[in-house]
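Spelled out from the first residue to the last, the chains are:
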Amino acid sequence: MKNRTFELSLEKGDLLPLLLMLPTLVIILFIMIVPLVYGFILTFYEAGVGMTGSTAFAGFENWKRFFQDGTSRKAVVNTVCFALGATAGDLLLGTICALLLVKLPHLFSSIFRPVVTMPLLVSPVIVGLIWRYIYDPRGILYWFLGLFGLSIENFPGVTMPSTALLSTIIAHWWQVTPFVVIVLTAGLLSIPDEYYEAARIDGAGAFNVFFRITLPQLRNVYMTILVISGVDTIKIFDIIYALTGGGPSNSTISLSIYGYNQAFVQSNLNYAMVISIMTMVLSFLIFGIPFVRNNIAGNKE
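So, here is what we can say about the structure in this document. This one's a predicted model, so the numbers in the text were calculated from it and none came from an experiment.

1. Notes on the nonpolar core
Judged by nonpolar contacts, the single largest core of 51 residues is most densely connected at Phe66, Phe82, Trp131, Tyr135, Leu141, Leu184 and Leu218. Considering every element that reaches this core, the biggest residue donor is helix α14 (residues 269–300), with seven residues. The contact partners of Phe66, leaving out residues within four places of it in the chain, are Ser72, Val76, Leu255, Tyr271, Val274, Ile275 and Met278.

2. Side note on the packing of helix α8 (residues 161–189) against helix α11 (residues 219–234)
Packing of α8 against α11 leaves a shortest axis separation of 11 Å and a crossing angle of 155°. In terms of orientation, α8 lies roughly antiparallel with respect to α11. Between α8 and α11 the crossing geometry is right-handed. From α8, His172, Val176, Phe179, Val180, Val183 and Leu184 reach across to α11, where they touch Val221, Tyr222, Ile225, Ile228, Ser229, Asp232 and Thr233. For the contact of α8 with α11, a count of residues per class yields nine nonpolar, three polar and one charged.

3. Description of the pattern of salt bridges
Pairing is possible between side chains that carry opposite charge, provided their charged atoms lie close to one another. Summed over all chains, the structure comprises three salt bridges. A salt bridge links Glu61 to Lys64, with the shortest nitrogen-to-oxygen separation between them at 3.6 Å. Taken together, the positions of Glu61 and Lys64, both in helix α3 (residues 61–68) and three residues apart, correspond to about one turn of that helix. According to the relative accessible area criterion, Glu61 is partly exposed, its value standing at 43%.

Rules behind the numbers
Residues numbered from 1 in each chain as written. Predicted model: local features only at pLDDT ≥ 70, side-chain atom pairs only at ≥ 80, totals over all residues. Heavy atoms only, no water. Core = buried A, V, L, I, M, F, W, Y, C linked by side-chain atoms within 4.5 Å. Buried < 20%, exposed > 50% of the residue type's maximum accessible area, 1.4 Å probe, protein only. Helix = DSSP H or I, 4+ residues; strand = E, 2+ residues; numbered from the N terminus. Contact = heavy atoms within 4.5 Å. Axes fitted to C-alpha atoms, helices over the stretch in contact; angles between N-to-C directions. Parallel < 35°, antiparallel > 145°, perpendicular 65-115°, else oblique. Left-handed = near helix turned anticlockwise from the far one by under 90°. Nonpolar A, V, L, I, M, F, W, Y, C, P; charged D, E, K, R; others polar. Salt bridge = Lys/Arg side-chain N within 4 Å of Asp/Glu carboxyl O.

Next up, the structure:
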């Protein structure tokens, strides 16, 4: 009876999807799962980059060090603040720009859309270098502020710990907001016009139309942006490294930069793996859980 059931399932092609997915599953196993497990095992040993011979078992010492390390705690706070501030700004600015572009006549929107999306084509390292010159005391930013009687004392930029992190977030907004604009514009154009026509007939204002029609229709789009852009902000490295290098006084150091310093500057690969794994955990807690909850709520509906 069991053999007969297996034959029927095979004839129906039930195993075909699994067979087609098998090469991808093998690649994921050896490229993602195996290195992740190996990296987790490394956290319980002591070894540096390039060291040969046997490594000493350290137990939970590397993990204890992470929670007792003041620099790691600072990196966690900076990473969370950067992720929340950068993602919130991306969504807010991207929404405003997308709404304006959709409302523009076709001729003007076809001109402005390529212009708005140009920063997305620039490498993050180059973005960091561009904004380093913008924040230079003799740069264009302080020339512009000087027109309003302001100076570097009013906004120290990357020269002071109080404003350095905000300065890196602004640079991130400049580059990543175009991505949000592209995705949201596509989402806005996919909303049926009948919804807006019915709202106009009922006399709904622009405020109510946005929060009762546009925003609910874009919920899944926002969640997709939240995961893609949010996870990218958690593992932020290139812009901050090129702009401030984590300074001044570790005011912009992120978990990725701290892990890089531990692995390739301090030659402490095992502690760097702890930092990397905690970065992954933090990413899931902040952006993964809301995405999962949204999918569960969507399936229930």
